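Tertiary structure, described
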Amino acid sequence: MDQHCIRLEQELPNVVEAYHLFGSVSIGAFQEGLSDLDFVAVTSRPLREREVQVLEQIHRDLEQKIPTISLDGRYVVREDIERLAYKDCPYYYFNSGKLVGIDRFHKNSIDAYQLKQYGIPILGKDPRTYDYTVDWDLLAQNMKRNIEQYWMNWKRKVERFPASLGMLYKGWMIEWGVLGVSRIYYSIREQDMISKTGAGEYALQHVPTRWHRIIQESIQLRSGSKKSLYRSRLQRRKDALAYMDYLMKECLRE
């Protein structure tokens, strides 16, 4: 992060006015090698094409230099984020050393909530002072749409060959699916955000015991443990997919 801020000031002087961290690092859940470093950089004006190219080079360099931590960031214009209460706004989105493209910042999104509730000011104003309020009814609707448009499609994809083999041998796919939907379940019910491990622990307290083994397995996978609670990888995969199906329906019913 220090190197990122130094490069920004050296190569784009007086362009970035504020720099905020949010996401896992802001709630004490950052895991090196697993978590991205989420940030919002606020610029004084819209970026020129040449300046975007400079940012692309900076992100490529940092990804190569520090491959264990990827920057997951948004560059948004100060005037736009200050009007977020009234209208959504565009931003340049970078992830894993690459420019993903131009996305839009919505005030009723989990990113906007995280920034306002848990954002850490590194440079410039405190993000908690931005003048917008998240409507949790709308945010919950957006999360349910995410289940329908992303998670259900992801589940269907990994049920088919050859992606189905990945879920047999790649533990990260098990914990990604199980803890990913558990995190949405927590947010819809509690109107807050939580780490993936915390979401798994929450689910253990609120879902039938039928699902406890696959949740505990996913928590162990997230922690880096090589010890499995399953003798059969095929059964583990079946339980993960069945749990996802069960919990996504529960989320949509909330």
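This structure is a prediction, so every number in the text was calculated from the model and none was measured.

Looking at the overall build of the protein chain
The helix and strand inventory of the protein chain stands at 10 helices and 6 strands. Computed over the C-alpha atoms, the radius of gyration of the protein chain is 19 Å, within 12% of the 18 Å expected from 2.2 N^0.38 for a compact globule of 254 residues. Over its C-alpha atoms, taken along the principal directions, the protein chain stretches across nearly 55 × 40 × 30 Å. The buried share of the protein chain, taken over its 254 residues, is 48%. For the protein chain, contacts bridging at least 24 residues in sequence account for 61% of all contacts bridging at least 6.

Some details on the side chain of Asp38
Relative to the assigned elements, Asp38 resides in strand β2 (residues 37–43). Of the side chains bearing the opposite charge, Arg74 lies closest to the buried Asp38, which forms no salt bridge; the N-O distance is 4.3 Å. In this structure, Asp38 is in contact with His20, Leu21, Phe22, Gly23, Ser24, Asp72 and Arg74, ignoring residues within four places of it in sequence.

Looking at the sheet that holds strand β5 (residues 98–105)
Within the open sheet, the 6 strands sit side by side as β5-β4-β3-β2-β1-β6. Their pairing is mixed. The open sheet has two edge strands, β5 and β6 (120–123), and neither has a second partner. Between one strand and the next, the sheet's axes are offset by a mean angle of 25°, whatever the strand orientation. Bridge analysis of β2 against strand β3 (residues 71–77) gives 7 bridges, and the strand direction is parallel. Considered in β3, the bridge of Thr43 is made with Val77. Packing of helix α4 (residues 110–118) onto the sheet brings it into contact with β1 (16–22), β2, β3, β5 and β6, and relative to β1 it is tilted by some 95°.

What counts and what doesn't
- Residues numbered from 1 in each chain as written.
- Predicted model: local features only at pLDDT ≥ 70, side-chain atom pairs only at ≥ 80, totals over all residues.
- Heavy atoms only, no water.
- Helix = DSSP H or I, 4+ residues; strand = E, 2+ residues; numbered from the N terminus.
- Rg over C-alpha atoms; globule rule 2.2 N^0.38 Å.
- Buried < 20%, exposed > 50% of the residue type's maximum accessible area, 1.4 Å probe, protein only.
- Contact = heavy atoms within 4.5 Å.
- Lys, Arg positive; Asp, Glu negative; His and termini not counted.
- Salt bridge = Lys/Arg side-chain N within 4 Å of Asp/Glu carboxyl O.
- Pairing = 2+ DSSP bridges.
- Axes fitted to C-alpha atoms, helices over the stretch in contact; angles between N-to-C directions.

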